[in-house]
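# Residue-level structure breakdown
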Amino acid sequence: MADTDPAAAAVPVRFKSNYAATRKIEPFYKGGRIQISRDGKFMFCPCGSKVNVVDVETGALLHSLQQVLVTGSRALLLRRWHWREPSCERTWRAVHTAPVATMAFDPTATLLATGGCDSTIKIWDMTKHYCTHNLKGSSGVVHLVEFHPDLSRLQLFSSCIDYKIRIWDLSSSKCLAVLEGHFSAVTSLAFADGNSLLSSGRDKICMVWDLETRQSKRTIPVYETVEAAVLLPEKGDFSQLGVKKQGLHFVTAGSKGMLRVWDVATAACVHSQAVPFVLQEEPSEHSLSQCQLVPARNEILTVSMEHNIVFYDAHSLQLRKQLTGYNEEVLDVKFLGPGDSHIVVATNSPQLKVFELATSHCQILYGHTETILALDVFRKGLMFVTCAKDRSMRVWRMGKAGRVTCVAQGLGHAHGVGAVACSRLKESFVVTSSQDCTIKIWNIPESLTSKAKAALISSPEPLHARVTERGHDKDINSVAVSPNDKLLATGSQDRLAKLWSCSDCSLLGVFSGHKRGIWCVQFSPVDQVLATSSADGTLKLWGLRDFSCLKTFEGHDASVLKIIFVSRGAQLLSSGSDGLLKLWTIKTNECVKTLDGHEDKIWGLHSNKKDDMVVTASSDSCITLWQDVTEIEEKEAQAKQEEQIMKEQELSNLLHEKRYLKALGLAISLDRPHTVLTVVKAILREPEGRRHLEENIARLRKDQKEAVLAFLVTWNTNSRNCHEAQAIMETLLKHEAPDSLLQFSGIKSASATSSG
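Criteria and thresholds
- Residues numbered from 1 in each chain as written.
- Predicted model: local features only at pLDDT ≥ 70, side-chain atom pairs only at ≥ 80, totals over all residues.
- Heavy atoms only, no water.
- UniProt positions renumbered as here; feature names shortened; annotations may be inferred.
- Helix = DSSP H or I, 4+ residues; strand = E, 2+ residues; numbered from the N terminus.
- Buried < 20%, exposed > 50% of the residue type's maximum accessible area, 1.4 Å probe, protein only.
- Polar contact = N/O pair within 3.5 Å; in protein donor to acceptor, adjacent residues only side chain to side chain.
- Contact = heavy atoms within 4.5 Å.
- Core = buried A, V, L, I, M, F, W, Y, C linked by side-chain atoms within 4.5 Å.
- Domains from an automatic or database assignment.
- Salt bridge = Lys/Arg side-chain N within 4 Å of Asp/Glu carboxyl O.

An unreviewed UniProt entry lists the chain under the name Transducin beta-like protein 3, with Lonchura striata as the source organism. According to its UniProt record, the chain has this under Subcellular location (unreviewed entry): "Nucleus, Nucleolus".

Before going further, it helps to examine the side chain of serine 423. Structurally, serine 423 can be placed in the loop between strand E37 (417–422) and strand E38 (429–434). Assessed through its relative accessible area of 1%, serine 423 is described here as buried. A polar atom in the side chain of serine 423 sits 2.4 Å from the backbone oxygen of lysine 426. Dropping the residues within four chain positions of it, serine 423 is found in contact with Phe378, Ser428, Phe429, Val481 and Asp485.

In terms of nonpolar packing, the biggest core is built from 30 residues, with Leu664, Val676, Trp715 and Ile728 touching the most fellow members. In contact with isoleucine 728, not counting residues within four places along its chain, are Val680, Leu693, Ile697, Val708, Leu712 and Trp715.

It is worth spelling out the domain arrangement of the chain at this point. Along its sequence, the chain is carved into domain 1 (23–235 + 242–271), domain 2 (330–470), domain 3 (500–627) and domain 4 (639–751). Centre-to-centre, using C-alpha coordinates, domain 1 lies 69 Å away from domain 4.

In this section: the pattern of salt bridges. Tallying each qualifying case throughout the model produces 16 salt bridges. A salt bridge links aspartate 150 to arginine 153; its shortest N-O distance comes to 3.9 Å. Among the residues examined, aspartate 150 registers a relative accessible area of 34% and is labelled partly exposed. Classification of arginine 153 as partly exposed rests on a relative accessible area of 24%. The residue arginine 202 makes a salt bridge to glutamate 227 at a minimum N-O spacing of 2.8 Å. A residue pair is termed long-range when its members are at least 10 positions apart, and arginine 202 in the loop between strand E18 (196–201) and strand E19 (205–210) and glutamate 227 in strand E21 (residues 226–231) qualify at 25 residues. According to the relative accessible area criterion, arginine 202 is partly exposed, its value standing at 40%.

With respect to the helices and strands, glycine 402 occurs in the loop between strand E35 (392–398) and strand E36 (404–411). Considered as a pair, glycine 402 and threonine 120 are 282 residues apart in the sequence and their alpha carbons are 51 Å apart.

Written out as structure tokens, the structure reads:
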């Protein structure tokens, strides 16, 4: 181990006593149709039984709504929500006999159409709050309704599971026409002008309809299941999207997971969006489920099957912003960037997510083909390493603009790679461990660490393991590198931790003592000590010289999944499968704080470089940022103590000046029964003490009188103080009406004590 820095040793260690959750990145979208406010500033995202309002710029969850919002539930109820606060303005029965499947407002937001699973469509007057139309004739679930943008026409368009489009005349409540042509579900309707309609379907075609003749003008094969088609505005420069001349053009989103631009006149695809993943013919996790034009932002919004919400520039389809609606199970998390400005997250997915903490913008990184299990970051914070079930490890680098790219890949393990650790001093090597029970050490070439050379890398460089060693008899759950890069430690399901030399991976010693599998190993940043955590619910500290157990920490009621050193190695922070965090002081073996911030296993735990913030990630899909509030709480306690001293000095002055009323009020506010008793005795010692006491007690507020009542219960049990207690009780009985006296809290116990 490296010797402790003398300068660092001179600075006294500030022990932590508490953390406070300052931010929680939690799921805000779990499927369903997302709506965008007309000003483009807010998204309304269904999430289970609630609707979340998300600020598009910051990605923050908000409560203020900027337009009328109506929701439909499986309880057959419609709710209209207040636009300034998360309160329900009105609730009414949907009249449908089955749940509402779709809804749409007319352009004025005064009429609302609801399509139900009972094959009917209802029209609601949102001003007068009644049902104006009940449209029958659809065959099966009505999953799509749209008003014609021309208000003078009073027409509604709908589609149901018979694949037909119906046109309804709202003035007569009759079906004017049925448009037939699709052979699968119709997924979207868009009006090009007053007389043209674009429809898309899961039958891999889009159709343009003439609303005068109510006939199909053109059928455009798009060769993928289409979930949405959006018409490009007539005005604007869309030359980057292959639009060379006037005419109808539209964008499709579907099973391939990419946006494509089509020319109606030629029925040809004029532009295909570049995507960072391999295209698949069949629906996959990359497939798009929604697509909308947001005119106010000049952007196109898409939603993927993985609940990723992406905003693209409408003129170039370049990515502008990306938000993640749902993370599933979060397996690991680390701070990233020179100033810990980002966090990198491994979820139950082959994709990696990098969140910018200031804006919630999320980069989704493609490369692994199976679930990513673990990750680690190099000391400078610009490079990090991931490992996955696909038996590979990958090295990633963050550029100046915050963009992350994969610069290297290593293959060689026979099973999924479950743990990874980076060198601490320099970006020189990586250690991985696998379910194949082996440890591999990979050298990082200089071409990856140099900024200039790394910028020229176009595809991931292949890495080859320098050393491979069979380390344990069962799965290796954790691996760690010492601060001086000379040692590495492993922890396994075989209940053993082992110490190895980094140079040749030779075994130096074995740590034996845990009763169940070891989940995590960590080197102390200052001492020659190794910390381990286990499924037996304990943490242990081991000496690196003789491999003996120095300390055991007991307190968790479940498996301890992760541990880190904080407070410059003087304290430990641990996370368990019960969703609890525990802060331990090593010197005293004491658990100084237990934090409850998650509802399931906490797999990810990491501290930032300043050691004043911690990030945790859990199976409950939430990521929580914790701030060290020890110093803040100490300052608050000191300020409170100073205020207490000032009040006591003021109380002494008031008693000296015989200002008994103010003294009595101040003593009560200090919540000190003995001080209040001292004031009462001082009053009674005066020549006309009884009268002064009556005057002062009578002028107290009700809450102050209740406090005195609680005090005199205790005084009355002591013969030396019972006279003062009886005097106050007599005063209250004399000056308070019986009804008001009965309203006092504690009057019954006070009366019982006095009568006794």
